[in-house]
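What the coordinates show
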Amino acid sequence: MYTTAFHKKNISDKTFLITGGAGFIGSNIVEYLLEHNAKKVVVLDNLATGFEENIKSFLSLSNFTFINGDICNSADCGKACKGVDYVFHQAALGSVPRSIQNPIATHNVNATGFLNMLIAARDAKVKRVVYASSSSVYGDSPVLPKVENQIGRQLSPYAVSKMTNELYGGIFSKTYNMEIIGLRYFNIFGPRQNPKGEYAAAIPLFIDALLNNRSPAINGDGNQTRDFTFVANAVQANIKAMFAGNINTEGDVYNIAVGERISLNQLTEILNRLVGSNITSVYKAERAGDVRDSLADISKAKTNLEYSPVIKIEEGLKYTLEWFKGNKIVV
Ligand SMILES: NC(=O)c1ccc[n+]([C@@H]2O[C@H](COP(=O)([O-])OP(=O)(O)OC[C@H]3O[C@@H](n4cnc5c(N)ncnc54)[C@H](O)[C@@H]3O)[C@@H](O)[C@H]2O)c1
């Protein structure tokens, strides 16, 4: 779906590793790189929450390799990094509630797995690592919009695992002279985001409900706000962060969002309008560990990475709906 090029350098002589490449955001990065003729694209994924279906159309390509492996296993990380120029690290166990139910699993994958990947990337002398952090690191900070250098106390094991990534990113770049950049994603949504299971995110859950004539279930009063970000913007940020010159690559972090927020109630209103339905939501108890309001200041990414999130929330929702209906989309 990615016709617009976000990179200026030729990538047909470059090899990329995408950990978590069978997941939602990872498979979109893979799709971009393959559509723009990367020399080689390697995915390392153990399919814990990703799907072979997400990369099925790439499996027959000669410049694509899928390694069914685990970032908790150093040997798998080493094998995946061999001969790689650039690493997009997306593999993790997402979801705040999952991390509250099973903090050890979240820690093992998100913190120890991340460390394994940094060591493998260091030993393979990769040129740059761009990894997925999260807006959850802002925790209980009341400041809005969120600015990179003003964080609060994290509110969940998931948030702590992402904060750990940022701390290790900083230390590894300083200690081992590596180029490492973290992207704090704010509620990314779009094609291939999984609508099923107890840890599914709000937008795919709501779309799935409305398309099947069911009421969307909202945790809390629905007035909590989020800076919902279409996945093509996140892909753009990853590509631009990977190739940006003259920036601080010493463990630096960037907010990746649109810089606009809506409440969950507004979200269901928009979705109802786009679907052509009028289904009321049901309200459940608030979830532990959730932040109330979220809005990013994206000026740092705009200035340093030339990041420009051209697809706003409603346009992104239209694309996502089309994808859920089985239609092809082009951005
Ligand atoms: N989607 C969002 O709104 C959002 C927001 C903030 C941060 N993030 C982060 O972005 C990244 C991608 O998230 P996503 O939404 O695409 O989730 P996802 O679950 O679709 O993708 C994660 C991928 O990692 C893989 N994985 C999990 N454990 C692994 C392991 N031990 N070894 C190898 N692969 C493993 C999964 O199988 C999956 O394919 C994650 O790091 C997530 O924490 C996402």
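Heads up: these notes are all about the structure in this document.

Taken together, 30 residues sit near the ligand, with G20, G23, G50, A92 and A132 positioned nearest. Only α1 (24–35), β2 (40–45), α4 (103–123) and β5 (128–134) provide two or more residues apiece to the shell around the ligand. In terms of residue count, α1 provides more of the shell around the ligand than any other element does, 3 residues in total. When its residues are assigned to classes, the shell around the ligand shows 16 nonpolar, 12 polar and 2 charged.

Further remarks concern the environment of A91. Of note, A91 is situated in the loop between β4 (86–89) and α3 (96–101). A91 has contacts with T19, G20, L44, D45, I71 and G113, leaving out every residue within four places of it along the chain.

Here the focus is the packing of helix α6 (residues 202–211) against helix α10 (residues 313–324). At a minimum axis distance of 11 Å, the contact between α6 and α10 shows a crossing angle of 55°. Between α6 and α10, the crossing angle belongs to the class labelled oblique. When the axes of α6 and α10 are compared, the crossing they make is right-handed. Along the contact surface, α6 presents I203, I207 and L211, while α10 presents T320, L321 and F324. Taken together, the residues that form the contact of α6 with α10 break down as 5 nonpolar, 1 polar and no charged.

Along the chain, F64 turns up in strand β3 (residues 64–68). With 19 C-beta atoms counted inside 10 Å, the residue F64 sits in the partly exposed group. Residues within four places of F64 in sequence aside, it is in contact with L34, V41, F58 and L59.

Another aspect to go through is the sheet that holds β2. The sheet built from 7 strands is open, its strands ordered β3-β2-β1-β4-β5-β6-β11 with parallel pairing. Each of the sheet's edge strands pairs with one partner strand only, and the pair in question is β3 and β11 (250–256). Each neighbouring strand pair of the sheet contributes to a mean axis angle of 20°, computed without reference to strand direction. Strand direction decides the pairing type here: β2 and β3, joined by 5 bridges, are parallel. Bridging across to β3, V43 finds its partner in F66. Contacting β4, β5, β6 (180–185) and β11, helix α7 (residues 231–243) runs over the sheet at an angle of about 165° to β6.

Reading the values: the criteria
Here, residues in each chain are numbered from 1, in the same order as that chain's written sequence. Local features in this predicted model are restricted to residues of pLDDT 70 or higher, and side-chain atom pairs are both shown and tallied only at a pLDDT of 80 or more, whereas totals for entire chains, interfaces and linings draw on every residue. As used in this record, a residue near a molecule or strand is one whose C-beta atom, placed from the backbone, is within 6 Å of it. Secondary structure is summarised from DSSP: a helix means a run of H or I of at least four residues, a strand means a run of E of at least two, and numbering begins at the N terminus for each. Residues are grouped as follows: nonpolar covers Ala, Val, Leu, Ile, Met, Phe, Trp, Tyr, Cys and Pro; charged covers Asp, Glu, Lys and Arg; every other residue, Gly included, is treated as polar. What counts as a contact here is a pair of residues whose C-beta atoms, placed from the backbone, lie within 7 Å. Angles here are taken between N-to-C directions and fall from 0 to 180 degrees, while the axes themselves are lines fitted to C-alpha atoms, restricted in helices to the stretch in contact. Working definition: roughly parallel below 35 degrees, roughly antiparallel above 145 degrees, roughly perpendicular at 65 to 115 degrees, and oblique for all remaining angles. Handedness of a helix crossing follows the sense of rotation of the near helix relative to the far helix, less than a right angle counterclockwise being left-handed and clockwise being right-handed. Partly exposed residues are those whose C-beta has more than 12 but fewer than 20 other C-beta atoms within 10 Å; 20 or more makes a residue buried and 12 or fewer makes it exposed, with C-beta atoms placed from the backbone. Any two strands with at least two DSSP bridges between them are considered paired.

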